[in-house]
Amino acid sequence: MMRLIDSYPEIMGIFGREDVNGKLNELLREALEAIEDAPGDKAKASVTLDIAFARDGDRVTIVPAVKSKLPPQAGFRGTTCWLVEGKISLQHPSQIDMFSGPREVAPRTRDAG
């Protein structure tokens, strides 16, 4: 008697040569470790199995694809800089003169006279 397949568990069984189930288990472990190690109180991960079916006449090709999306790893903190004359400065441009020593004070217009 010919074996006819029409259920998800049976389709998963025919992927034995490709070891799709092994890859899914590996990505599942990675996802669980990633959300456990993620910074903060909340994290998301996903493991996706995509099964594509292509028919050519009376022949059907089934192609599985497995992928995962892990939470981002903790990044580096940004450094604030200012652009001055085409270069980067760690000091705000209006504060540069504050640390270069005494400067001449311009007379106010109402004091002149």
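Conventions used here
- Residues numbered from 1 in each chain as written.
- Predicted model: local features only at pLDDT ≥ 70, side-chain atom pairs only at ≥ 80, totals over all residues.
- Heavy atoms only, no water.
- Helix = DSSP H or I, 4+ residues; strand = E, 2+ residues; numbered from the N terminus.
- Buried < 20%, exposed > 50% of the residue type's maximum accessible area, 1.4 Å probe, protein only.
- Contact = heavy atoms within 4.5 Å.
- Areas by Shrake-Rupley, 256 points an atom, 1.4 Å probe, with all protein chains shown as cover.
- Pairing = 2+ DSSP bridges.
- Patch = residues over 30% accessible without salt bridge, like charges linked within 9 Å, V, L, I, M, F, W, Y side chains within 5 Å.
- Salt bridge = Lys/Arg side-chain N within 4 Å of Asp/Glu carboxyl O.

When helices and strands are tallied, the chain shows two helices and four strands. Sequence-ordered secondary structure for the chain, helices as α and strands as β, is α-α-β-β-β-β. Looking at the 113 residues of the chain, the share that counts as buried comes to 10%. Contacts in the chain between residues far apart in sequence, at least 24 positions, make up 37% of those at least 6 positions apart. About 10400 Å² of surface is accessible on the chain, with carbon and sulfur atoms providing 53% of the total.

What follows is about the pairing of strand β1 (residues 46–56). Across eleven bridges, the pairing between β1 and strand β2 (residues 59–69) is antiparallel. Residue pairing in the sheet places Asp50 in a bridge with Ala65 of β2. From the end of β1 to the start of β2, which pair antiparallel, there are two residues, and Gly57 there has a positive phi angle of about 70 degrees.

On the surface, Leu28, Leu32, Ile35 and Val47 cluster together into a nonpolar patch covering about 310 Å² of accessible area. Per element, the largest residue contribution to the nonpolar patch is three residues, and it comes from helix α2 (residues 20–37). Inspection of the secondary structure puts Ile35 in helix α2.

As far as function goes, none of this settles anything; it's purely spatial.
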